[in-house]
Amino acid sequence: MQLGKNQRNMLTAVGFLSPNIIGFMLFTAIPVVQSLIISLYDWPTFGERKFIGLQNYIDLFTKDPLFPKVMGNTSIYVFCYVALNIVLALAMALWLTNIRRGEKLYRSVFFLPQVTPIVATGMIWKWLFLPKYGIINNFLGIFGVPDINWLGTTGTAMSAIIIMSVWQGFGYNMIIFIAGLYAIPESQIEAARIDGAGKWQVFIKIKLPLISPSIFFAIVMTVISSFQVFDQTMIMTAGGPANATNTLVLYLYNNAFTYLKMGYAAAMAWVLFAIIMIFTLLQMRLQKDFVTYE
Amino acid sequence: MRKLMTTVCIMVIATGMIFAGGTGESKSSTTETVTLRWLMQVASAEEARQWRELAAGVTERYPDILVELSTTDWNGYWTKLPSELAGGNPPDILYMQSMRAKDYLEAGFLPLSQYVADDPDINIADFYSGILEGLSIGEELYCLPYDFGPYVMFYNQDLFDLYGLPYPDTIETAEDFEELCSQFAGHDTYGTVVPTVMDKLYTYFLGSGASLFAADGTVKVNDSRIIETIEYLQGLIDQGYAPRISDTGNNNWDREQFYAGNVATYLDGPWNLTNIKEKSSFAVGVTMVPPGNLYRRSQVAGSGFGISKDTDYPGEAYLAIKELTSKNSLSKLAGWGRALPARSSVRDVYYKLHADVNGLHDAVEKSITTDIGVPFITPMKWQQVTNTISQNLEAIFIGNVSARKGLDNAQEIIDGILGQ
Amino acid sequence: MNEIKTNRQTYRPIIKKAANHIVLTVLAFIFLIPFLGMVLTSLKPETEVLLLPIRIFGSRLAMENYQRAWTFFPFGQFLFNSVFIALCTSLVAVITSSMSGYAFSRLHFRGRDLLFTMYLGTLMIPQQVTVIPLFIIMRRFGWYDTYAAMVLPVGFTAFGTFLMRQFLLTIPYEIEDAARIDGCGAVESFIRIILPMAKSSIATLLIFTFINSWKSFLWPLIITGSDRVKTLPLGIYMFNGQYGTDWSGLMSAASIAIIPSFLVFILFQKYLVKGITMTGLGGR
């Protein structure tokens, strides 16, 4: 039997996709769709449930005074964290791929926070941020900065969490960039050098375009994961003081597991989905202009 | 590439082989034996061992009932329990705390009143009535309590000695207490510590004569007497008599301030005494809580065991929790220092164990008398209400808003929550 | 004059190199402070951990913390479970994601981009609302408290698919085209050409999946019952009690728990090196 080219392509694709897609459908897609259904119910985490249509969504936007607050907090976190994380990760990746010796040691050190349990380091960071006794205040004190109760003041708590998160998280993207930079054919860089390009030009003209798929990946993933920030805010402040660090998924978690309002939490999750989706589609749009694929 | 994959495969196979050798699990359950699953929160290996011993006691008493303990940490418990109840087929025996009970009991737990009524030898009157009330909805009882306690004031004897001050047994008014706290200020030490959690502040409100909970299930937090109380506590912080909160992510922040030894007094229940001894290096004394503007009042809370609604073996589970809260079990718990027993007949075991602690017996016994001890019975949706209040109290104690404004704001949100 | 100039030229790179290393070392040290804090706390006696002002060292070396951490929960069992589950998860993820990543990056079929967007979309729903539906599915399968439930739902990952897709997109088409002309089918070119070239990305995915599985807390908490399949994070959180945390015990357990995952990182990061196969083959 002769298959058309399209059919053949389809068949190959099915072959390659099926191992992942079966598990994906079962373990990811079905629960995700179920959460959408749950969001249309007055669905206590356990007990009697009632279909209420879009009421959860309406309540979220009209009745819940905390929702705009957590949205605002989350946006600030995402913006600062993604920017700092990507810039730092890219800078360190470029730096480390350029030194000859000790590069593996350094990247291990910068990656170490990733593998360290956040319950443990979270407490240490709290001690570092402590008013009067903390290292950070003592260091800033040298320059005459007055004592700051970092985690106990509404104005500074979020910055403290962002600092801690960047420390904890940028190693991830650094590794992605290092892998991307190493995939660049040496010959291309050499060719550019011979043409008389300086380091900066090599970076802009050769390296940046060639690792742009990695950068795209890193930004998309970091945006997605930082919109879902949970561990950091849960462990460092539990959303306090006075909701200054209460973020969307923390609030969602509290609704689902502490206030036992699963339906409401699911609605929140789908609003979050919509927001992240818009951002991601925007980035996919932009990638057509900025990301170079082979 | 091949090397990379081979390394992974070898690692998987190697660990898998250890695993294959490791699990020779055989369930030799005969048809008559009933295995009950028991979900419990624990804080140490020792504690888990003690609960297992009580579980073994159940089998000793009822040879065809086997109780299998599974444990989580404290915070994990409150994630795991709702998930288990949501997933169907939850463990048969569950732990429950009086302050969280209302949101769980009706939807997830088996009513016990009938079992208790039909049981001639449980002697329900032996349990402290306030805590039974805390684990009931209306007239229906859902859990049998194992521990309870009134709030008392713990104090750091070494710190009192260091400043040459008499122990705080003679405090008669709120002003006395403030005066006492002022003695410790200014040397990196504090007179007391003020938490922002409602569950720990209720005692202060009771003392002001305010009633936080109305009979119809509503919560009134912007009552003028509560505002006054909060202003009083705010004063303690602003004057440096109590530390300013620096860690809202830690629900034991106030306790850990006390363990560290820089804080002279704090309020807590007798359930924490063993822990204080383990975690601190100073001598600790106990006295009654300081009075508020009007009265000396002490909130009473506790925990117990209940049975999940969907259990296949309600009768056996009842026998099991009855045994877990029997005189025998509770005197063991008291002897280990795990709990002030909910049964009055075995409380002395606990006092004997902690005979070295100044004032414990008198403070606890006086605090649970009916004119001082008030059961802390929370309404439905309490977790969301209490979090709302906490977040506003944080704003007040930091100094971002006045007590009145903060509590008005909290009230508005609470009305929204309870009105839904 | 000339001599000095040459000296300068020879020394400049060395000075630059030294400066590079000094700055990096200082940075690395600052970076390690929280980590050092953890290890130092793990060596303090329990009653001294919370004392203020914070001291760097305790009054003595409290090795009993490590003993407490080791006996607090079945540490060996949990450690083994963590390693085994993380390895299996990584294996499943690497195999399935590299295949699906290949399909999404280098094969053309109808609905590809839509399907891919769907994949991406599921990453945007926080797991806090999907764990309970997933928990119910696992119950139906009878997988409660099993290794299968700990591995499989995590192994089939949209994240891995996305990561592999992005990396595979950067491999020049000419290489594969040349193979296709020689009569290679998609399967053959995937195994013989693409996979060897994707070594560093596979190592990256492996490290990430391993570490994510290693750190995961919420799902293991919900899906396990007995101690049989529990993992280290569940054990470490056990130090968080209702009335306070055993910080020195927790830090000890955490310090031990780092070792295996860090070893995996060290072991596989050696594949994060310059791709040799690529040299000489200029892209477009």
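Quick caveat, the model's predicted, so the values are computed rather than measured.

1. Observations concerning the overall build of chain A
Okay, so step 1: Assigned secondary structure in chain A consists of 12 helices and 2 strands.
Okay, so step 2: Put simply, chain A runs from its N terminus to its C terminus through helices and strands in the order α-β-β-α-α-α-α-α-α-α-α-α-α-α.
Okay, so step 3: For chain A, the spread of C-alpha atoms along the principal axes amounts to about 80 × 70 × 30 Å.
Okay, so step 4: Within chain A, the proportion of its 294 residues that are buried is 61%.
Okay, so step 5: In chain A, 67% of the contacts between residues at least 6 apart in sequence involve partners at least 24 apart.
Okay, so step 6: Here chain A displays about 12100 Å² of accessible surface, and carbon together with sulfur accounts for 67% of that area.
Okay, so step 7: Taken together, the 19 basic and 12 acidic charged side chains of chain A have centroids lying 3 Å from each other.

2. Focus: the overall build of chain B
Okay, so step 1: If you tally the helices and strands in chain B, you get 18 helices and 11 strands.
Okay, so step 2: The buried share of chain B, taken over its 420 residues, is 60%.
Okay, so step 3: Of the contacts formed within chain B by residues at least 6 apart in sequence, a portion of 74% connects residues at least 24 apart.
Okay, so step 4: Taken as a whole, chain B presents about 15700 Å² of accessible surface, with 50% of it coming from carbon and sulfur.
Okay, so step 5: Between the mean site of the 31 positive side-chain charges and the mean site of the 54 negative ones, chain B shows a separation of 5 Å.

3. A closer look at the packing of helix α3 (residues 75-106) of chain C against helix α6 (residues 147-155) of chain C
Residues and elements named next belong to chain C.
Okay, so step 1: Running from amino to carboxyl end, α3 crosses α6 at an angle of 35 degrees, the nearest separation of the two axes being 8 Å. Relative to α6, the crossing made by α3 is right-handed. Across the interface between the two elements, Q77, F80, N81, F84, I85, C88, T89, V92, A93 and T96 from α3 touch Y147, M150, V151, V154 and G155 from α6.
Okay, so step 2: Across the contact of α3 with α6, the residue classes tally to 10 nonpolar, 5 polar and no charged.

4. Comments concerning the interface of chain C and chain A
Okay, so step 1: Contacts between the two partners involve 107 residues from chain C, matched on the other side by 96 residues from chain A.
Okay, so step 2: Overall, the association of chain C and chain A removes approximately 8900 Å² of surface from exposure, summing both partners, and the carbon and sulfur fraction of that is 77%.
Okay, so step 3: Interface area lost by chain C to chain A is led by F31(C), M124(C) and Q128(C), which between them contribute 9%.
Okay, so step 4: In this assembly, chain C and chain A are joined by 0 salt bridges.
Okay, so step 5: Applying the counting rule to chain C against chain A returns 15 residue pairs in polar contact (both at pLDDT 80 or more).
Okay, so step 6: Tallying contributions element by element places helix α1 (residues 2-42) of chain C first for the side of chain C that touches chain A, with 16 residues.

5. A word on the confidence of the model for chain B
Okay, so step 1: For chain B, per-residue confidence averages 87 on the pLDDT scale, and residues scoring 70 or more make up 92% of the total.
Okay, so step 2: Confidence drops under a pLDDT of 50 for residues 15-30 of chain B, and excluding neighbours within four residues, the segment shows 10 contacts in the predicted structure.

6. With respect to the sheet that holds strand β7 (residues 152-156) of chain B
Residue and element names in this part refer to chain B.
Okay, so step 1: Sheet architecture is open: 3 strands sit in the order β8-β7-β9, paired in antiparallel fashion. Two strands bound the open sheet, and with one partner strand each, they are β8 (265-268) and β9 (284-288). Averaged over all neighbouring strand pairs, the angle between strand axes comes to 30 degrees, with direction disregarded.

7. What about the pattern of salt bridges?
Okay, so step 1: Following the criterion strictly, the structure yields 28 salt bridges over all chains and no others.
Okay, so step 2: Note that R338(B) is salt-bridged to E47(B), the shortest N-O span being 3.7 Å. With R338(B) in the loop between α14 (327-335) and α15 (347-353) and E47(B) in helix α2 (residues 45-61), this residue pair connects regions lying 291 residues apart in the sequence.
Okay, so step 3: For D246(C), the salt bridge identified is with R68(C), shortest N-O distance 2.8 Å. Taken together, the residues span a long stretch of sequence, with D246(C) in the loop between β2 (244-245) and α13 (247-269) and R68(C) in helix α2 (residues 64-72) at a distance of 178 residues.
Okay, so step 4: Members of the salt-bridge network, linked through shared partners, are E46(B), R49(B), E53(B) and K332(B).

8. Quick notes on the nonpolar core
Okay, so step 1: Judged by nonpolar contacts, the single largest core of 349 residues is most densely connected at F110(A), M174(A), W38(B), W51(B), M96(B), I230(B) and F305(B).
Okay, so step 2: Top element by residues in this core is helix α7 (residues 157-182) of chain A. It accounts for 17 residues.

9. Digging into helix α9 (residues 198-208) of chain B
Residues and elements named next belong to chain B.
Okay, so step 1: Within α9, 11 of the 11 residues are buried, leaving the element largely enclosed by the surrounding structure.
Okay, so step 2: Regarding α9, the residues found buried are M198, D199, K200, L201, Y202, T203, Y204, F205, L206, G207 and S208.
Okay, so step 3: Just downstream of α9 lies G209, where phi reads positive at about 85 degrees.

10. Remarks on the interface of chain A and chain B
Okay, so step 1: Contacts between the two partners involve 32 residues from chain A, matched on the other side by 30 residues from chain B.
Okay, so step 2: Of the roughly 2400 Å² buried at the junction of chain A and chain B (both faces included), carbon and sulfur atoms supply 52%.
Okay, so step 3: Together, F46(A), F257(A) and Y259(A) form the three largest contributors to the area buried by chain A at its contact with chain B, with a combined 25%.
Okay, so step 4: Counting across the chain A and chain B interface gives 2 salt bridges.
Okay, so step 5: Across the salt bridge formed by D188(B) and K132(A), the nearest N and O atoms sit 2.5 Å from each other.
Okay, so step 6: For the interface between chain A and chain B, the tally reads 13 residue pairs in polar contact (both at pLDDT 80 or more).

11. A word on the packing of aromatic side chains
Okay, so step 1: On inspection of all chains with the given rule, the structure shows 76 aromatic pairs over all chains.
Okay, so step 2: Relative to F257(A), the ring of Y253(A) has its centre 5.2 Å away and its plane inclined at 35 degrees; by these criteria the two rings are tilted. Of the two residues, Y253(A) and F257(A) are both situated in helix α11 (residues 248-258); the distance of 4 residues between them amounts to about one turn of the helix. You'll find Y253(A) and F257(A) in the same group, each marked buried.
Okay, so step 3: On the numbers, 4.9 Å between centres and 50 degrees between planes, the contact of Y102(C) with F190(C) is tilted.

12. Here we look at helix α7 (residues 158-169) of chain C
Residues that lie three or four places apart on an α-helix share one face, since the helix turns once every 3.6 residues.
Residue and element names in this part refer to chain C.
Okay, so step 1: Compared with an ideal rise of 1.5 Å per residue, which puts 12 residues at 16 Å, α7 spans 16 Å between its outermost C-alpha atoms and is within 8% of the ideal.
Okay, so step 2: Burial runs high along α7: 12 of the 12 residues are buried.
Okay, so step 3: Within α7 the residues assigned to the buried category are A158, F159, G160, T161, F162, L163, M164, R165, Q166, F167, L168 and L169.
Okay, so step 4: The opening residue of α7, the one whose side-chain oxygen lies 2.9 Å from the backbone nitrogen of F159, is T157.

About the thresholds
Residues numbered from 1 in each chain as written. Chains lettered and ligands numbered in written order. Predicted model: local features only at pLDDT ≥ 70, side-chain atom pairs only at ≥ 80, totals over all residues. Heavy atoms only, no water. Helix = DSSP H or I, 4+ residues; strand = E, 2+ residues; numbered from the N terminus. Buried < 20%, exposed > 50% of the residue type's maximum accessible area, 1.4 Å probe, protein only. Contact = heavy atoms within 4.5 Å. Areas by Shrake-Rupley, 256 points an atom, 1.4 Å probe, with all protein chains shown as cover. Lys, Arg positive; Asp, Glu negative; His and termini not counted. Charge placed at Lys NZ, Arg CZ, Asp CG, Glu CD. Axes fitted to C-alpha atoms, helices over the stretch in contact; angles between N-to-C directions. Left-handed = near helix turned anticlockwise from the far one by under 90°. Nonpolar A, V, L, I, M, F, W, Y, C, P; charged D, E, K, R; others polar. Buried area = accessible area lost by both parts, 1.4 Å probe. Salt bridge = Lys/Arg side-chain N within 4 Å of Asp/Glu carboxyl O. Polar contact = N/O pair within 3.5 Å; in protein donor to acceptor, adjacent residues only side chain to side chain. pLDDT = per-residue confidence, 0-100. Pairing = 2+ DSSP bridges. Core = buried A, V, L, I, M, F, W, Y, C linked by side-chain atoms within 4.5 Å. Phe/Tyr/Trp six-rings, centres within 6.5 Å; stacked < 30°, edge-to-face > 60°. Expected span 1.5 Å × (residues − 1).

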